[in-house]
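Chain and residue survey
For reference, the chains in residue letters:
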Amino acid sequence: MTSRLLRSFFTAAALILALRANTSAAPVPLASLEAQAEKFRTVLTPPSYERTPDEIRAAAEAAIRDAEAALDQIAKRDPAQATFDNTLAEVDRIVARVRNTANRIGLLQETHPDKTMRDTASEMSVKISSWAITLDYREDLYRAIKAFADTRPALTGEDKLLFDEILRDYRRAGLELPAAQRAEVERIRKELTQLTTDYSNNVNQARAPLDLTAEELDGVPASFLESPGVKQPDGTYRVMMNITWHWQAVIENAKREDIRRRAYYARHTLAKDVNSTLLARIIARRTELALKLGYPTWADYQTELRMTKNAATALAFEEDLVAGLQKKFTAEVATLRALKAADTGKPDATLEPWDVNFYTEKLKRERYSVDAEQLRAYFPYEPTLAGMFRIYEKIFSLTFTEVAPPQTWAEGVTLFAVSDRTTQEPLGLFYLDMFPREGKYNHFACFTITEGTRRPDGRFEVPIASLVCNFPPPSADKPSLLQHDDVETLFHEFGHVMHLMLGRSKHGRHYAFGVPQDFVEAPSQMLENWVWDKTVLDTFAADYRDPSKKVPAEVIDALKRARTATSGMFYRRQLSFGLLDLTLHTQTVPDEKLDVIALSNSVLARVSVAPPPDTAFAAYFGHLMGYDAAYYGYLWSLSIAQDMASVFEASPDRFLDEKIGRRLRDEVYAAGASRDVTVSVEKFLGRKQSTQPFLKFLGVE
Ligand SMILES: [Zn+2]
């Protein structure tokens, strides 16, 4: 116990020293690092960023033209001359080059200070994406690849994986089917494109205005009622139940149950008339398509590319959590019901679905209130960023060096090189674009600029990323102070930067974010835990007015209690959405007469608080289009994130443990999608996956 405490103390002290030593250093010239990179046969050259709309257009057009020409070469080649390298690996390289151009243009689209530049970049991004969609359906290319596949080449490891995946894509696109069946598949796909667009348009166009008086809206904050468009000239208020923040203002605050009930009905019957039958048709067509392509259900077709691999695994995962949360969920329902009973003076009051948000908010206010604002003083921008850098450098055995950028897309953007701490090998480059600008992307994200690429001559071109954030700029008398939420987001997004920097797969398709959709967020979600740990926070967070003051342990504990107070209700609701999605998409016969609304409502009723039978949540559930049979993925990755975090927590230096960090770097980041991700996760965990750490995180005892 003592030795662990001592070690943490020394670690913290060492980190603080390192921090002082590093922040004042002037940027080094890129050339000095390029010379170092040369020793490792590594190329460390950032791309030049287009300076005019014409340059953007030319870059996009050249990327498509060059790719087409190169693909034509493969399609035309005499099959006897085909090899893995000049066929499949070459396709992968061609696609990766286009992706790099698309990524760079995508960055300009979201961050360039000039509107014409952003608009042109946006136009060219659409052009490249439309071109990319046609790739899977290029029959001449498919025939060339198939001819090579028919030679049954002896391949292993990453090459074999690439081979299997490319052929699987063609099979999934229907290219292996006889002509008549293939035409049928294409017809269903086209119909689905139309139907799903109609469903989404209906969602977007649905309106549900409620005109209410001040008396009816008792409890709703005045700041909301005074907001533009809400207050009407006649003194009444128009609230739109299709606008989420309007809906939240009413459902969380309106004291009158009859008003909350009206609001709930208005929201949960949006698009009911138009989308109920449309959804039944969509589900039937998807099932039909899955069957034609040789899958038992649409969910099996969709999950084939994910970690779950099949619908049964996804379903079992969700049911496991439903059961794990049962006790907590029941207890929370009882707490909220008791609040309602006390509030209404009716001892036998029942908790209705329109009561959940209202009493959850009441509970949070009355028993779990934490002033998150007071935490800001502990997170001034500069030391927070420097502190985060030191932590990532430590756990992943890296050094970050500020480099003078040869050129950027905007004023104030800085550049850093990432090197291995032991070997000094330069591994990657990342930019920081941290403060808001007119027209700039307004969230926080990691943008890929280029993936790490192994050239045919064996040299490695390092990956390049940009962290794009919108922190409050500093004022004359106060530094930029971050909210605890923002610090959490910073740790999350920088985790994505690390994932990109440390990828080392052979083929572009497998690089870093090539991992399955239900895994890609997990490592970053895991790193969010760092900012909830006092030992970690104490390495950098300190009151900017008096740096001897650290974040009080009570405040962190109170925040954690607030986080888990109603996690049972919240996650059972999330599970009900995931299960609704999977239930609809595991239908085994295409049946347009299926009552999709009744089926959905029965799932919601079993897993969450029962909705009235005449409401139709599923008619307004936009995720069913584009995120179909994928909703479970959010909890799947979060569960793996907590599972992985538990390995750090159990290690000697907990979240600062270098040995575990190194294992994450080697087994998860470096591997990317170059092998089955389940294998990578198990190698990191040292055991099979478990949902227990996630349940513990949610407050289940
Ligand atoms: Zn993320």
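Note that the structure is predicted; figures quoted are calculated from it, not measured.

Tallying secondary structure elements over the protein chain gives 27 helices and ten strands in all. By principal-axis analysis of the C-alpha atoms, the protein chain measures approximately 80 × 75 × 55 Å. The burial tally for the protein chain puts 54% of its 701 residues in the buried class. In the protein chain, the proportion of contacts linking residues at least 24 apart, taken out of those at least 6 apart, comes to 75%. In the structure as shown, the protein chain presents an accessible area of about 30400 Å², 53% of it carried by carbon and sulfur atoms. Counting 88 positive and 97 negative side-chain charges, the protein chain places the centres of these two groups 3 Å from one another.

Strand order in this open sheet of five strands is β4-β5-β6-β10-β7, and the pairing throughout is mixed. Of all the strands in the sheet, the pair left with one neighbour each is β4 (398–403) and β7 (445–450). Put simply, the sheet's adjacent strands are angled 25° from each other on average, direction ignored. Looking at chain direction, β4 and strand β5 (residues 414–420) are connected through six bridges and run antiparallel. Of the residues in β5, the one forming a bridge with T399 is S419. Contacts between helix α2 (residues 30–39) and the sheet are confined to β4, β5 and β6 (426–433), with β6 contributing the most and set at about 155° to the helix. Each of β6, β7 and β10 (464–468) touches helix α4 (residues 85–111); the most contacted strand, β7, lies at about 140° to it.

Distances from the zinc ion to its protein donors, H492 (NE2), H496 (NE2) and E521 (OE), fall within 2.0 to 2.2 Å. Every donor residue of the zinc ion comes from the same chain, spaced as H-x3-H-x24-E. Placement of the pair is H492 and H496 together in helix α18 (residues 484–501), with a separation of four residues, close to one helical turn. Here H492 matches H496 in class, with each residue buried.

Moving on: the pattern of salt bridges. Across all of its chains, the model carries 57 salt bridges by this definition. Two residues, E68 and R138, come together in a salt bridge whose shortest N-O distance is 3.6 Å. With E68 in helix α3 (residues 53–76) and R138 in the loop between α5 (115–135) and α6 (139–150), this residue pair connects regions lying 70 residues apart in the sequence. The class for R138 is buried, based on a relative accessible area of 14%. With its nearest N and O atoms 2.7 Å apart, the salt bridge here joins D258 to R256. Relative accessible area serves as the criterion here: at 40%, D258 is assigned to the partly exposed category.

Before going further, it helps to spend a moment on the nonpolar core. The tendency in soluble globular proteins is for nonpolar side chains to be buried side by side. Counting residues in each nonpolar core, the largest one holds 152 residues, and the members touching the most others are F379, F430, F494, M498 and W530. Looking at this core element by element, the count peaks at nine residues for helix α24 (residues 633–649). Those residues in contact with F379 that sit more than four places away from it in its chain are T384, S480, L481, L482, H484, V487, L537, F540, A541 and V551.

Another point: the sheet that holds strand β1 (residues 42–43). Strand order in this open sheet of three strands is β1-β9-β8, and the pairing throughout is mixed. One side of each edge strand has no neighbouring strand; the edge strands of this open sheet are β1 and β8 (453–454). Here two bridges tie β8 to strand β9 (residues 460–461), and the two strands are oriented antiparallel to one another. Within β9, the residue paired with R454 across the bridge is F460.

Of the residues in the protein chain, 97% reach a pLDDT of 70 or more, and the chain-wide mean stands at 94. A low-confidence stretch, residues 1–23 stays under pLDDT 50, and its non-local contacts, those more than four residues away or across chains, total 23 contacts.

In terms of residue burial, β7 counts as a mostly covered element, since six of its six residues are buried. Bridge count for β7 against β10 is five bridges, and the pairing is antiparallel. Note on β10: the bridge partner recorded for F447 is S466.

Rules used throughout
Residues numbered from 1 in each chain as written. Predicted model: local features only at pLDDT ≥ 70, side-chain atom pairs only at ≥ 80, totals over all residues. Heavy atoms only, no water. Helix = DSSP H or I, 4+ residues; strand = E, 2+ residues; numbered from the N terminus. Buried < 20%, exposed > 50% of the residue type's maximum accessible area, 1.4 Å probe, protein only. Contact = heavy atoms within 4.5 Å. Areas by Shrake-Rupley, 256 points an atom, 1.4 Å probe, with all protein chains shown as cover. Lys, Arg positive; Asp, Glu negative; His and termini not counted. Charge placed at Lys NZ, Arg CZ, Asp CG, Glu CD. Pairing = 2+ DSSP bridges. Axes fitted to C-alpha atoms, helices over the stretch in contact; angles between N-to-C directions. Donors = N, O, S within 2.8 Å, 3.2 Å for Na, K, Ca; no water. Salt bridge = Lys/Arg side-chain N within 4 Å of Asp/Glu carboxyl O. Core = buried A, V, L, I, M, F, W, Y, C linked by side-chain atoms within 4.5 Å. pLDDT = per-residue confidence, 0-100.

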